[in-house]
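# Topology and contacts: notes
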Amino acid sequence: MQILLEKNVACTMRDGTILYADIYRPHEKGEYPVLLTRLPYSKDSPYYSHRYLDTNRLVESGYVVIIQDVRGRFQSEGEFEPFIYEAEDGYETVEWAAELPYSSGKVGMFGLSYYGFTQLLAATERPPSLHAIFPAQTLSDQRNGNFYYNGAYGLGLSETWVLESIVPDLIKRKYKDPDSYDMAMKKLAESIDHIEEWYVHAPIKDWPPLKELGVAEYFFEQLERGLQDEDWQKSSIANKYSQINVPAYHLGGWYDSLLGSTLENYVEMKEKADERKIKEDQKLIIGPWAHGDFGSLIGDRKFGSHASEDWIDYKEDLTQLHLRWSDYWLKGKDTQIMDEAPVKIFVMGVNQWRDEQEWPLARTNYVPYYLHSQGDANSSDSDGTLSTAKPDREPADNYVYNPKKPVPTNGGGTLYDGVNTTGPRDQRNIEERDDVLVYTSEPLEKPLEVTGPVKVKLWASTDAEDTDFTAKLIDVLPDGTAYNLADGIVRAKYRNGYKPEAQLNGEVVEYEIDLWATSNVFLTGHQIRIEVSSSNFPRFDANLNTGQTMMNSTESKLANQMVYHNKEWPSHIILPVITKDE
């Protein structure tokens, strides 16, 4: 089949703003369903616009593929402000696509990350011609795992994303003189090349890489916006799940920076859709993947060729999965996809795909594993242990958190520029620090599967006005290698939500640290380990312990942190244990 490409096709929005799209379609007369994606990274860039899907195969399979620059980006007119216009612009683009002369009138959407969210935001407006979506590794609310995580600022992601992904086009729009443009781009390149030095710059409100260029004002406006600010709702679907009445196939990864919101979207859309059928028309697949990385090698671990996007469960690639989903909803073909289990997960450790009927799994046994020590859990050479036995009388552990020497990020669900930042990484170097508390179980006598949401209940005190606490779940191999599985952070003043709490004054406080989720079998001879500390930098900004933040201050002080594990304050991690069916 020959493919016809139409470049820069205009789509006029309600306010007269023109958005431009590239349209790929069969070079044969007929009417075809449309697969649409809307992105801020340039429709002309093959890396972003085609990414993990073979769009040629989509067209060859009888689809019109439309890739559109969102408002204010690349070829499209208007001003760019992340996510703000995507609901209404998405509605109008869907209906425009449905009316094209070669369109069958049925539209589906696809894309990951930002262009996963453009699908969900458009769906909140309920365009009549939108029949199915496939949101991959995307968000629900910018305060929930994207630019913030339990009150902590996602520094690495925010600064990397704006510099590398957003600023180049803004420079092109602002600097029309060739010499000025060249100078601005050179300055940008220098900033990107030295971004690890810029991560430590404070206050962020004066961040030179952007201030000197005079672009991306939204970045600074967001810094000034409190987490309670109603403006966040404009780009959120957290309170709009009941408005989304469209079948959705949600795709995530255990090491994805947006895993938490992907799982939330699936669970909430199944629960809150106002039509029973739509609740049943939600599917979820979670691989061992990182953000935008669907390979078999993630971080320091290889999960097998059947884990990759090219050969999922030895059966099909991601393009074929999208086609089966789209063929069912847009062409009415019986592809058997709705006969399959609604949930498909990759279980690490045994490296196997498995079908499930729900998320979280109904047969989960939530087991508390308690922290223990004799007051010396600092570093992996300490006396910190982990077991299902409840503590009685045990001394607290303490460490000093110094914001000027934060614990460095080492893998996890990261999304920022750096060397070897993402996925499972050996944590032993981190565990040599005396500001990291380490609690390790005895070697397992038989395999233990942990699949589902993971939370830490931590009783702690601090002499700081505000501070952070972090936790990490780790699989320790018999040779001592310690691979991270899940991690989380909580900012003390946001421990109960977006409304800041009063000063701490040294009181013992219960914190819940959400580690999102994982699926891993701890094999025989392996050990379960928990790390507790107060920083994970530059994934999150370093808390200054003063009540101020890196956004507006440079002053910091040391914080004396106490972690309790006794009968009254039994700090523990809650593991979702799955037992085999008898």
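Reference entry: report on the structure contained in this document. All of these numbers come straight from a predicted model, not from anything done at the bench.

Basis of the calculations
Once a new chain begins, its residue numbering starts again from 1 and follows that chain's sequence as written. Thresholds applied to this predicted model are a pLDDT of at least 70 for local features of residues and 80 or more for the giving and counting of side-chain atom pairs; totals over whole chains, interfaces and linings are not thresholded and use all residues. To obtain the side-chain values, all non-hydrogen atoms of the structure were included, while hydrogens and water were left out. By convention, a stacked pair of Phe, Tyr or Trp rings (six-membered ring in the case of Trp) has centres within 6.5 Å and planes under 30 degrees apart, an edge-to-face pair has planes over 60 apart, and any other such pair is tilted. Numbering of helices and strands runs from the N terminus; a helix is a DSSP stretch of H or I covering at least four residues, while a strand is a stretch of E covering at least two. Relative accessible area decides the class of each residue, using a 1.4 Å probe on protein chains only: under 20% of the type maximum gives buried, over 50% gives exposed, and in between gives partly exposed. At least two bridges found by DSSP between two strands is the condition for calling them paired. Given the number of residues in a helix, its expected span is that number minus one, multiplied by 1.5 Å. A contact between two residues is defined here by any heavy atoms of the two lying within 4.5 Å. For our purposes a nonpolar core is just a set of buried Ala, Val, Leu, Ile, Met, Phe, Trp, Tyr and Cys residues, chained together by side-chain atoms within 4.5 Å.

## Quick word on the packing of aromatic side chains
How two aromatic rings sit relative to each other is given by the distance of their centres and the angle of their planes. All told, the structure shown has 28 aromatic pairs when counted by the stated rule. On the numbers, 4.3 Å between centres and 20° between planes, the contact of F83 with Y114 is stacked. Taken together, the residues F83 in the loop between β4 (64–69) and α3 (86–98) and Y114 in helix α4 (residues 114–124) connect sequence positions 31 residues apart. For the pair F83 and Y114, a shared accessibility class is recorded, and that class is buried. Pairing Y328 with W329 gives two aromatic rings, centres 4.9 Å apart and planes at 80°, and the pair type is edge-to-face. On the basis of relative accessibility, which here comes to 28%, the residue Y328 falls in the partly exposed class.

## Notes on the pairing of strand β3 (residues 32–39)
Of all eight residues making up β3, eight are buried, and the element is well covered by its neighbours. Examined bridge by bridge, β3 and strand β5 (residues 103–112) share four bridges and lie parallel to one another. Counted as the bridge partner of V34 is V107 from β5. Here six bridges tie β3 to β4, and the two strands are oriented parallel to one another. Within β4, the position partnered with T37 by the bridge is I67.

## Things to note about helix α10 (residues 259–272)
Taking 1.5 Å of rise per residue, 14 residues should cover 20 Å, and α10 covers 20 Å from first to last C-alpha, within 8% of that figure. Restricting attention to buried positions, one finds in α10 the residues L259, G260, S261, T262, L263, N265, Y266, E268 and M269. Buried positions along α10 lie against α4, β9 (248–255), α11 (276–280), β10 (282–290), β13 (343–347) and β22 (509–522).

## Describing helix α12 (residues 318–331)
If you check α12, its first and last C-alpha atoms are 19 Å apart, about what 14 residues at 1.5 Å a residue would give, namely 20 Å. Along α12, eleven of the 14 residues are buried, which leaves the element largely enclosed by surrounding structure. Buried within α12 are the following residues: L318, T319, L321, H322, L323, R324, W325, S326, D327, W329 and L330.

## Looking at the nonpolar core
One finds I66, L210, F219, W254, W359, L473 and I573 to be the most contacted residues of the largest nonpolar core, which totals 171 residues. A per-element tally of this core places helix α5 (residues 155–174) first, with nine residues. Setting aside anything within four residues of it in sequence, one finds L210 in contact with V162, L163, V167, V215, A216, F219 and F220.

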